[in-house]
Amino acid sequence: MRLNLLFIVLMIFVAGAVHAKSQSLPSFMKPIGQAELKVLWFSVYTATLASPDGRFISVSEPLLLTLKYKRTISRQDLLDETEQQWDQAGIELDKYAPWLLKLKEIWPDISEGDSLTFYQNVEGDGHFYYNQGYIGTLADEMFCQAFLNIWLSDNSNFPQLTKALTGKSGD
């Protein structure tokens with residue numbers, strides 16, 4: 001009986017250690033592009049996009065998007081802007097409503113100088129990091145693509161930012 005209990009505790013510990021390791025911010029990503037988002041004359045953030053080989057192919061590939069904020073922004077404002085972007089992209093409310101609920105649990109309020117990083121791994125899971133510390137996962141490939149398309153879609157609201165991030169600013 002004690003041996004079984006010890007085995008179960010050991011398995012939980014090993015599973016937790018493996019799970020924690022898979023959530024580490026990846027260090028093997030190479031930069032693709034960087035751009036600053038300005039609304040009117042206000043700087044909002046600097047965005048950096050990276051991939052394993054430093055090239056952008058599509059939003060279904062492993063990508064690392066980091067937003068370094070130059071303003072204080074509440075979690076609710078982030079959620080509202082994300083919802084607006086998905087509305088404009090034609091994503092149905094019944095599809096993105098569960099995503100917003102999960103993001104409300106994960107995202108913090110942002111202060112000037114903070115960073116929010118999104119990493120989509122090869123399995124299509126999306127991991128969020130706040131100031132380089134893991135804060136949560138949304139394991140939904142459709143979410144990952146919809147989220148990344150806010151910045152990377154050909155129809156994004158900021159086409160110059162999209163071009164710079166994807167390395168196509170010289171085209």
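Residues numbered from 1 in each chain as written. Predicted model: local features only at pLDDT ≥ 70, side-chain atom pairs only at ≥ 80, totals over all residues. Heavy atoms only, no water.

### Considering the packing of helix H3 (residues 93–106) against helix H4 (residues 141–152)
Cut-off, in case you're wondering: Only the contacting stretch of a helix is used when fitting its axis, a line to C-alpha atoms as for every element, and angles between N-to-C directions run 0 to 180 degrees. Labels follow the DSSP assignment, with helices taken as runs of H or I lasting at least four residues and strands as runs of E lasting at least two, numbered in each case from the N terminus. What sets the label is the angle itself: under 35 degrees gives roughly parallel, over 145 gives roughly antiparallel, 65 to 115 gives roughly perpendicular, and the rest give oblique. Between two residues, a contact is recorded if the distance between any of their heavy atoms is within 4.5 Å. Each residue gets one of three labels, nonpolar for Ala, Val, Leu, Ile, Met, Phe, Trp, Tyr, Cys and Pro, charged for Asp, Glu, Lys and Arg, and polar for the others, Gly among them.
Contact geometry for H3 and H4: axes closest at 11 Å, N-to-C directions at 85°. The angle between H3 and H4 falls in the class roughly perpendicular. Taking contact as the criterion, the partners of Lys-95, Trp-99 and Leu-103 in H3 are, on H4, Met-142, Phe-143 and Ala-146. Residues belonging to the contact of H3 with H4 are distributed by class as follows: five nonpolar, no polar and one charged.

### Considering the environment of Ile-32
Cut-off, in case you're wondering: The buried label applies to any residue whose accessible area, calculated with a 1.4 Å probe on protein chains only, is under 20% of its type's maximum; exposed applies above 50%, and partly exposed to all values in between.
Here Ile-32 lies in strand S1 (residues 30–39). The buried category is assigned to Ile-32, whose relative accessible area is 16%. Sequence separation between Ile-32 and Leu-165 is 133 residues, and the spatial gap between their C-alpha atoms is 6.4 Å.

### Looking at H4
As a reminder of what qualifies: By this rule the span expected of a helix is its residue count minus one, scaled by 1.5 Å. Throughout this description, a polar contact denotes any pair of N or O atoms lying within 3.5 Å of each other; where both atoms belong to protein, one of them has to be capable of donating a hydrogen while the other can accept it, and for residues adjacent in sequence the pair is counted only when both atoms sit in side chains.
Compared with the 16 Å implied by 1.5 Å per residue over 12 residues, the 15 Å span of H4 between its first and last C-alpha is a close match. Every buried residue of H4 is accounted for by Phe-143, Cys-144, Ala-146, Phe-147, Leu-148, Ile-150, Trp-151 and Leu-152. Where H4 begins, the side chain of Asp-140 points an oxygen toward the backbone nitrogen of Met-142, at a separation of 2.9 Å.

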